[in-house]
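# Tertiary structure, described
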Amino acid sequence: MADTAVTTPLRSPLSRAADRLAAATRASGGTIRLAELPFLTQINVRLDPKGAAADAVGLALGLPLPVEPDTVVRAGELTALWLGPDEWLVAGPPGGQKDLESRIREAAGDEPVSVIDVSAQRTTLLVAGPRARDLLAHGCSLDLHPRVFGPGRCAQTNLGRTQVVLVARDDPRAGFWVLVRSSFAGHLTDWLLDAAVEWTG
């Protein structure tokens, strides 16, 4: 019997906002850069940070799982975010879900571990440029000064009354990742564009 399944191309939560984000970036004259980074692989991992699985998973991924609260470890194309004492989010390039899940499960062996693909749960907004911190500060109660929230830091927080995971990238010029649930991505984008009017005219 012929396969009659219809294949629908992937569409990111903010595909319809791409032009508006690009227009705001142009209008700011380089002061603010806004864009969606769609379809990043995102794997939620829970395990005992003091157990054998933690070291084994770190070796398999080529990066240690961070143990200091609200920190980020990056190696190659992978980024591990500390979300809790026994919880991490491992992010990587689009399409790597199955490989990443498999590597983590195999490394953990018989040790208790939870590995869940949450890639479709969130999308990622890039907020960069010289005034990125000022823009985020309009709707975030965190102290975003580089001495406090500099490269290698992350936090689960609210931005524009929306729950997000905020990540300061390794290079300050690379700006911030804002991981937001897909169902709230449109609202947060509208908020960012409205808040950016100060620099976009």
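Just above sits the structure.
Numbering of residues begins from 1 in every chain and follows the order in which that chain's sequence is written. Totals for whole chains, interfaces and linings use all residues, but because this is a predicted model, local features are given only for residues with pLDDT of at least 70 and pairs of side-chain atoms are given and counted only at 80 or more. To obtain the side-chain values, all non-hydrogen atoms of the structure were included, while hydrogens and water were left out.

Take the nonpolar core next. We call a set of buried residues a nonpolar core when its members are Ala, Val, Leu, Ile, Met, Phe, Trp, Tyr or Cys and they connect through side-chain atoms within 4.5 Å of each other. Between buried and exposed lies partly exposed: a residue is buried under 20% and exposed over 50% of the maximum accessible area for its type, with that area taken using a 1.4 Å probe on protein chains only. Counting 30 residues, the largest nonpolar core has Leu135, Leu136, Leu159, Val178, Leu188 and Leu192 as its most contacted members. Every helix listed is a DSSP run of H or I at least four residues long, and every strand listed is a run of E at least two residues long, numbered separately from the N terminus. For this core, the secondary-structure elements that each account for two or more residues are α1 (18–27), β7 (122–128), α4 (132–137), β8 (154–159), β9 (162–168), β10 (176–181) and α5 (182–195). Per-element accounting of this core gives the leading share, six residues, to α5. Note on definitions: a residue-residue contact is assigned when non-hydrogen atoms from the two residues lie within 4.5 Å. For valine 178, the residues in contact, after removing those within four places along its chain, are Thr123, Thr124, Leu125, Val127, Leu136, Leu159, Val164, Val165, Leu166 and Leu188.

The next thing to look at is the pattern of salt bridges. The term salt bridge refers to a side-chain nitrogen of Lys or Arg lying within 4 Å of a carboxyl oxygen of Asp or Glu. Evaluation of the coordinates by the stated rule reveals eight salt bridges. Notably, a salt bridge pairs arginine 20 with aspartate 190, separated by 2.7 Å at the nearest N-O pair. One end of the pair, arginine 20, is in helix α1; the other, aspartate 190, is in helix α5, with 170 residues separating them in the sequence. A relative accessible area of 40% places arginine 20 in the partly exposed class. Aspartate 190 sits in the partly exposed class, given a relative accessible area of 39%. In this structure, the salt-bridge partner of arginine 131 is aspartate 134, at a minimum N-O distance of 2.5 Å.

Across its 12 residues, helix α3 (residues 97–108) extends 17 Å between first and last C-alpha, which sits within 8% of the 16 Å expected from 1.5 Å per residue. Taken as a whole, α3 has its buried residues at Gln97, Leu100, Glu101, Ile104 and Ala108. The buried side chains of α3 occupy one side of the element, clustering within an arc of 100° when seen end-on. Projecting away from the buried face of α3 at angles above 90 degrees are the exposed residues Lys98 and Glu106. Residues of α3 that are buried in the fold lie against β2 (41–47), α2 (52–61), β4 (78–84), β5 (87–92) and β6 (113–117). One or two steps after α3, the chain reaches glycine 109, where phi turns positive at roughly 60°. What a helix is expected to span follows from its residue count: subtract one and scale by 1.5 Å. Taken from the helix axis, the directions to the C-beta atoms give the arc we talk about.

Another point: the state of the cysteines. Where two cysteines share a covalent bond between their sulfur atoms, that bond is called a disulfide. Note on terminology: pairs of cysteine sulfur atoms within 2.5 Å are recorded as disulfides. Scanning the model with the defined rule gives zero disulfides in all. Summary of cysteine pairing: cysteine 140 is not part of a disulfide, and the nearest cysteine sulfur, belonging to cysteine 154, is at 13 Å. On the basis of relative accessible area, cysteine 140 is assigned to the buried category, the value being 9%. By relative accessible area, cysteine 154 is classed as buried at 1%.

Here the focus is the sheet that holds strand β3 (residues 72–75). In short, DSSP must find at least two bridges between two strands for them to pair. The strand order β3-β4-β5-β2-β6 describes an open sheet built from five strands, whose pairing is antiparallel. Of all strands in the sheet, those with a lone pairing partner are β3 and β6, marking the two edges. Sheet twist, expressed as the average angle between the axes of neighbouring strands with direction ignored, equals 20°. Alignment of β2 against β6, held across five bridges, turns out to be antiparallel. Opposite isoleucine 43, over in β6, you have aspartate 117 as the bridge partner. Helix axes use the C-alpha atoms of the stretch in contact, all axes being lines fitted to C-alpha atoms, and the angles between their N-to-C directions lie in the range 0 to 180 degrees. Across the face of the sheet, α3 comes into contact with β2, β4, β5 and β6 while running at roughly 15° to β2.

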